[in-house]
Amino acid sequence: MDKKVVKKIASLFALFALALISQNMFSQLVTISVELDTNRMLIGDQVNMQIEVIKPGDASVIFPAFEENLTDEIEIVEQSAVDSAELEENKTALYQNLTITAFDSGLLYIPPVNFLYITNGFTDTISSSPNYLEVFPVKIDTTGTIRDIKGLYRTPYSFGEVYPYILALVFI
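Predicted, not measured: the structure shown is a model, and the values here were computed from it.

## Remarks on a nonpolar patch on the surface
Residues Y157, F159, V162, Y163, I166, L167, V170 and F171 make up a contiguous nonpolar surface patch of roughly 900 Å² in combined accessible area. Of note, L167 is situated in helix 2 (residues 159–171).

Dropping the structure here:
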């Protein structure tokens, strides 16, 4: 092989290795985890969505401001405040819990959650992985007929209910 070709291949390989090393170093700065308690539920049930961010102590991570709905099909019932815990090696863990529900059956897509990452004057947006939530309808017994839950029950009259009518008869 020609020396120029070998030099070009060697420099491309070195550049590629440097890019991989720098990508690996940057990706270890912040870790984002968004997990569901379960990925299957019945319509109207509630599922907890735990958000965990591990960041360097000198960096800032801004959580998104969630509205009433996560998507058109998924509602946020309750959201906790962001909690923090100090970890070893000058790292901080941030936690938030969302309680979500859905009233539509099917496989529902939960989009990635975007966070704003700020360190040393550098600002970037970091996203979590997307999730899926499978919502099942409530099974209905179609073999039986529609009927009342309980039959009618007659209650006896009390003196307090009859008293006004007795007074009306006496004074008339």
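## Quick word on the nonpolar core
If you look at the biggest cluster of nonpolar residues, it comprises 28 residues, and the most contacted ones within it are M49, I51, V53 and I100. For this core, the secondary structure elements donating two or more residues are strand 1 (31–36), strand 3 (46–56), strand 5 (74–79), strand 7 (91–102), strand 8 (106–110), strand 9 (114–119) and strand 11 (131–136). Non-local contacts of M49, meaning those with residues more than four positions away in its chain, are made with V34, E35, L36, L70, Q96, N97, L98, I110 and V113.

## A few points about the sheet that holds strand 4 (residues 60–62)
Spatial strand order, 4-9-10: three strands in an open sheet with antiparallel pairing. For this open sheet the edge positions go to strand 4 and strand 10 (122–127), each flanked by a neighbour on one side alone. Going across the sheet, the axis of each strand differs from the next one's by a mean of 25°, ignoring polarity.

## A few points about the packing of aromatic side chains
Counted under the stated rule, the structure contains three aromatic pairs. Centroid distance F63 to F115: 5.0 Å. Interplanar angle 85°. Geometry classified as edge-to-face. Taken together, the positions of F63 in the loop between strand 4 and strand 5 and F115 in strand 9 put the pair 52 residues apart, joining distant regions of the chain. Of the two residues examined, F63 and F115, each falls in the buried class.

What counts, and where the lines are drawn
Residues numbered from 1 in each chain as written. Predicted model: local features only at pLDDT ≥ 70, side-chain atom pairs only at ≥ 80, totals over all residues. Heavy atoms only, no water. Patch = residues over 30% accessible without salt bridge, like charges linked within 9 Å, V, L, I, M, F, W, Y side chains within 5 Å. Areas by Shrake-Rupley, 256 points an atom, 1.4 Å probe, with all protein chains shown as cover. Salt bridge = Lys/Arg side-chain N within 4 Å of Asp/Glu carboxyl O. Helix = DSSP H or I, 4+ residues; strand = E, 2+ residues; numbered from the N terminus. Core = buried A, V, L, I, M, F, W, Y, C linked by side-chain atoms within 4.5 Å. Buried < 20%, exposed > 50% of the residue type's maximum accessible area, 1.4 Å probe, protein only. Contact = heavy atoms within 4.5 Å. Pairing = 2+ DSSP bridges. Axes fitted to C-alpha atoms, helices over the stretch in contact; angles between N-to-C directions. Phe/Tyr/Trp six-rings, centres within 6.5 Å; stacked < 30°, edge-to-face > 60°.

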